[in-house]
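A look at the structure
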Amino acid sequence: MNKITVNDFPLLYRVVGWILLPLILLSCGVFWYLNASVAQTQGHVLLAGLKTPVSLERDASGVVYIQSEKDTASYFGLGFAHAQDRLWQMEMNRRIAAGRLAEILGAEAIPSDRLVRRLGLYRNAHKMLQGLDETAQQALQAYVAGVNAAMAQSKVLPPEFLLLDVTPEPWQAVDSLAYMQLMSWQLSTNMAFELQRTLLIQSFGLEKANQLMPAIELNDEELPMPDAMAALSDGMAQLPQDALLPKRYVGSNSWVVGPAHTANGYPILANDPHLSNQIPSLWYLASLKGDKLNVTGATFPGLPFVAVGRNADIAWGTTTLMADTQDVFIEKINPLNPYQYELDGRMVDMEVYQEEIRVKKDPLMPEQAPLKITVRRTVNGPVLSDEYNPLSDFAYSVRWTGDEQRGGTFNSFIKLNYARDWFQFKQALSSFVAPAHAFTYADVKGNIGLLAPGLIPLRGKGQGNVPVAGWQQQNHWQGFIGFERAIEKYNPPSGIIVAANHRLHDDAYPYHISDDWAPGIRAERIEKQLAQLLQSKDGKLTAQDMDGLIGDQHSLAATSALPRLLAVKPQSEAGREVQQVLHSWDGLMDKDSAAAGVYSVWMAHFYRLLIEDDLRGSTLRGSARYSVMSLLDEPNVPFVTQVLQGSAALWCDYLTTESKESCDELLVIALEHAVNELNISYGSSPDDWRWGKLHKAQFPHFPFSDAHMAPAQPPRPESIFAELFHREIDTGGSGYTVNLASTSLAKQSRFAHFFGPGYRQVVSLAPNGQGRFSINTGQSGNVFSRHYDDLIAAHEAMAWLSMNQAERPERLLLQPKDSAGE
């Protein structure tokens, strides 16, 4: 038999082989190399500087259980686990908080860096560090040591570091605190509401503004003089666009059922914080045990405590209070000296300092010198209008409670992890600063409660819902509502407490908290469903009974609107067929429901027709115009409900037509538009209109997802790696269902879902009671890990992790080098 040689293959095959074989080998090599960046989860590691051994056990979902004989060693273990699984996420968060994104992402990240530098988040973090008590300092330092030990031990960094050529610096305590500052700013959203409300009032008057946003009372004298307001609008026109967009879906649900209503005679606490979807998740599940510490729940990578969860004696949940803790002050600038401003008729000096932003070199451009910016601060806070024109006769500054941080919030969370009863719970939260939250509470002795700590300003004049004249000291903050006057409920007669970002106090409460409460739609649904459950279960509920409620996707707004939608007469046979889909619908926004899809598309077009003509007629420009036009990008269910109920019918006339349309006529026109969109964009069959086909939860990765699929993240360059890192899944719900699933109406992200419950918990406080937990993506932030996205489908399907009873097949032991005889 003749021997076959290479020359026997056709030339084309040989050329392809010469090209493909090296590529295949290279790809295999890269995959093998990067696969080594996945966390080591078994065996043991010898670590210098560690004094007490730490055990890191992981269950089948990658959830980590940390045990040691010392609390500080457990904090070390959490830092180690966070860095193993979420190092890139931690790197991004500290860079965003420090204003150092442009160093690795280039010029597109400069607006984010400039804003953060002006806010002074990293400077505030240094102040926080000085204010930590001894226990908090020890916890943080041990955690930081654990993070750095994991970085030193890792032989290969996660792939993002390689793709962007980034080498992480050692983690510092101030990095953790800067991340806390960033979250405080992101959850203190009132500034954007205040600016948007002001623009609407200027464009359409108070009556219309009050229909589009939560209504306020306002006298003409409460607004600064016209030239100052004009300067404010000019300034907003040139601000970064995202700075002006309110985050309407940042919130949470939480409720507590007292022992009189449960089958086992112990309270049940449920909570599902609503924040931006992302991958990896904002949350990381962990259990920590030490000599005194015994706590389980959700942590934030970068911080050493359980933020939401339970210990052996109590459980707690958190919801955003929606308190007004940010105010815009228009400042009069000295025309002869841009570093002075007027205060009660005299000129005073600003605080002034320089910031330097390094920018990654564009390979096609000459190297850019570091960008230098001058930061000005008045007594009211940082001057944000310097983003466009620092020499104007007017400027505006922003005061917010996060500027008052001296470590109090960090101290509170550390103490909260150790609290054993209501007294210690309150004591822990007495130093809480920002962002103002409502904490729900339950304990093993059968007590339930709610406490809303955090600094809330006392204003000399006005309610803080529109900008005020900063040159008049009577408008300035006069102090804060004392902790002893915080909203509080303890063992109420009803035996039930519900918090869903709605107004939590009655008219007898003497202080102003906010005008920007979330609509009471979710709270109303929770209360009604709890009442029905109690009736159907003879007043005896279990933790399992909470599953249907925490995952509830029934829309009260839809059932309210249905009679009106079914009563109109369509113009076409296609319209009648689409309308017919709604006839037997019960308002459930299920992902498999065609009716939910029809309702959502119909209402999207109706809402657009209601406000599009008015908004386009605004004379605003730049980012100010963008802020107003952005109202088209999110459903406004409370407003549409007002229109359908007749209290805001003046919006139904479409201004660009000669005729005067009624609301029913506009509904019919909207239906025809919906028919066209459904048939052209999705298909002609009702099965093509399933809500989940239209409405997909997006889990953007920073910075490699497409920017239009990551509206809650800073700007970033376009990337070719979106398919590798980004994830999505069909989902039900809406922005106003208990199981919140926000809906975008923006052109590039039509019906995408960007905000929702990234974490869920249902906890029974019975002895050895079972806790049920869930996060929305996976424990790992490494795309090569099986735990990168393994919880997405489970979370969507309302599956639970039972952390206190889980099997833990993987165990990594962290040992001091000295104990091994080295």
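Residues numbered from 1 in each chain as written. Predicted model: local features only at pLDDT ≥ 70, side-chain atom pairs only at ≥ 80, totals over all residues. Heavy atoms only, no water.

Quick look at the side chain of Glu 355 now. With respect to the element layout, Glu 355 can be found in strand E13 (residues 351-357). Among the residues examined, Glu 355 registers a relative accessible area of 15% and is labelled buried. Within the local environment of Glu 355, its side chain forms a polar contact with the side chain of Arg 117, the two groups lying 2.9 Å apart. At a separation of 3.4 Å, a polar atom in the side chain of Glu 355 contacts the side chain of Arg 123. The residues contacting Glu 355, other than those within four sequence positions of it, are Arg 117, Arg 123, Leu 371, Lys 372, Ile 373 and Val 375. (Helix = DSSP H or I, 4+ residues; strand = E, 2+ residues; numbered from the N terminus. Buried < 20%, exposed > 50% of the residue type's maximum accessible area, 1.4 Å probe, protein only. Polar contact = N/O pair within 3.5 Å; in protein donor to acceptor, adjacent residues only side chain to side chain. Contact = heavy atoms within 4.5 Å.)

A few words on the pairing of strand E7 (residues 294-299). Of all 6 residues in E7, 5 are buried, a share of seventy percent or more. As judged from the 6 bridges shared by strand E6 (residues 284-289) and E7, these two strands associate in the antiparallel manner. Its bridge partner being in E7, Leu 285 is matched across the sheet by Ala 298. Here E6 folds back onto E7, and the loop between the two strands holds 4 residues. (Pairing = 2+ DSSP bridges.)

Turning to the packing of helix H16 (residues 556-567) against helix H20 (residues 637-645), a few remarks are in order. Interaxial distance between H16 and H20 falls to 10 Å at its minimum, and their mutual angle equals 30°. The angle between H16 and H20 places the two elements in the roughly parallel class. In this structure, H16 crosses over H20, and the sense of that crossing is left-handed. Contact residues: Ala 557, Ser 560, Ala 561 and Arg 564 in H16; Val 637, Thr 641, Val 643, Leu 644 and Gln 645 in H20. (Axes fitted to C-alpha atoms, helices over the stretch in contact; angles between N-to-C directions. Parallel < 35°, antiparallel > 145°, perpendicular 65-115°, else oblique. Left-handed = near helix turned anticlockwise from the far one by under 90°.)

What follows is about the pattern of salt bridges. What the rule picks out here adds up to 39 salt bridges. Two residues, Arg 377 and Asp 403, come together in a salt bridge whose shortest N-O distance is 2.9 Å. Of this pair, Arg 377 sits in strand E14 (residues 371-378) while Asp 403 sits in the loop between strand E16 (394-400) and helix H12 (408-418), and the two are 26 residues apart along the sequence. Accessibility classification places Arg 377 together with Asp 403 in one group, the buried group. Of the charged contacts in the structure, one is a salt bridge between Glu 573 and Arg 576, with a shortest N-O distance of 3.2 Å. One end of the pair is Glu 573 and the other is Arg 576, both in helix H17 (residues 573-580) and 3 residues apart, which spans about a single turn. Judged by its relative accessible area of 46%, Glu 573 is partly exposed. Several salt bridges converge on common partners, so that one network encompasses Glu 91, Arg 94, Arg 95, Arg 100, Glu 103, Glu 169, Asp 175 and Arg 358. (Salt bridge = Lys/Arg side-chain N within 4 Å of Asp/Glu carboxyl O.)

This part is about the sheet that holds E7. Taken in spatial order, the 11 strands line up as E1-E29-E2-E3-E6-E7-E8-E9-E17-E18-E22 in an open sheet, and their pairing is mixed. At either end of the open sheet lies a strand with only one pairing partner, and these are strand E1 (43-47) and strand E22 (488-490). Each adjacent strand pair in this sheet contributes to an overall mean axis angle of 20°, direction not counted. In this structure, strand E8 (residues 306-311) lies alongside strand E9 (residues 314-320), joined through 2 bridges in antiparallel fashion. Bridge pairing links Arg 310 to Ala 315 in E9.

Reading across from one edge, E13-E14-E15 is the order of the 3 strands in this open sheet, with antiparallel pairing throughout. Each having just a single partner strand, E13 and strand E15 (381-382) make up the two edges of the open sheet. As defined by bridge partners, E14 adjoins E15 across 2 bridges and the pair is classed as antiparallel. Note that in E15 the partner of Arg 377 across the bridge is Pro 382. Packing against the sheet, helix H4 (residues 110-119) makes contact with E13, E14 and E15, and its axis sits at approximately 35° to E14.

So, about the packing of H12 against helix H13 (residues 422-429). It is the contact of H12 with H13, at a shortest axis distance of 8 Å, that shows an interaxial angle of 165°. In terms of axis orientation, H12 runs roughly antiparallel to H13. Note on packing geometry: the crossing formed by H12 with H13 is right-handed. Contacts between H12 and H13 involve Ser 412, Lys 415, Leu 416 and Tyr 418 from the former and Gln 424, Phe 425, Ala 428 and Leu 429 from the latter. In terms of residue class, the contact of H12 with H13 is built from 5 nonpolar, 2 polar and 1 charged. (Nonpolar A, V, L, I, M, F, W, Y, C, P; charged D, E, K, R; others polar.)

Bringing the packing of aromatic side chains into the picture now. Any two aromatic rings considered together are summarised by their centre-to-centre distance and by the angle between their planes. Per the counting criterion, the structure on display carries 22 aromatic pairs. On the basis of an interplanar angle of 70° and a centroid distance of 6.1 Å, the ring pair of Tyr 607 and Phe 639 is categorised as edge-to-face. In this pair, Tyr 607 sits in helix H18 (residues 594-616) while Phe 639 sits in helix H20, placing the two residues 32 residues apart along the sequence. Residue Phe 639 is classed as buried on the basis of its relative accessible area of 0%. Ring plane angle 65° and centroid distance 5.5 Å describe the contact between Phe 704 and Phe 721, whose orientation is recorded as edge-to-face. With Phe 704 in the loop between strand E24 (696-699) and helix H23 (722-725) and Phe 721 in the loop between E24 and H23, this residue pair connects regions lying 17 residues apart in the sequence. Overall, the relative accessible area of 5% leaves Phe 704 in the buried class. Look at Phe 721 and you get partly exposed, because its relative accessible area is 28%. Following the ring pairs from residue to residue traces out a cluster consisting of Phe 305, Phe 410, Phe 413, Phe 432 and Phe 439. For the cation-ring pair, Lys 332 lies above Trp 471, with the distance from its terminal atom to the ring centre recorded as 4.9 Å. (Phe/Tyr/Trp six-rings, centres within 6.5 Å; stacked < 30°, edge-to-face > 60°. Lys NZ or Arg CZ within 6 Å of the ring centre and 35° of its normal.)

The next subject is the state of the cysteines. One covalent bond between the sulfur atoms of two cysteine residues makes up a disulfide. One pass over the full model with this rule turns up 1 disulfide. Between the sulfur atoms of Cys 652 and its disulfide mate Cys 663 the distance is 1.9 Å. Taking the torsion about the S-S bond as the criterion, the Cys 652 to Cys 663 disulfide, at about 95°, is right-handed. Here the residue Cys 652 occupies a position in the loop between H20 and helix H21 (663-682), and Cys 663 occupies one in helix H21, the gap between them amounting to 11 residues. The exposure class of Cys 663 is buried, given its relative accessible area of 7%. (Disulfide = S-S within 2.5 Å.)

Moving on: the environment of Gly 479. As for its position among the elements, Gly 479 is in strand E21 (residues 477-480). By relative accessible area, Gly 479 is classed as partly exposed at 24%. The spacing of Gly 479 and Leu 667 is 188 residues in sequence and 49 Å in space, taken between C-alpha atoms. If we skip the residues at most four places from it in the chain, Gly 479 touches Ile 456, Pro 457 and Leu 458.

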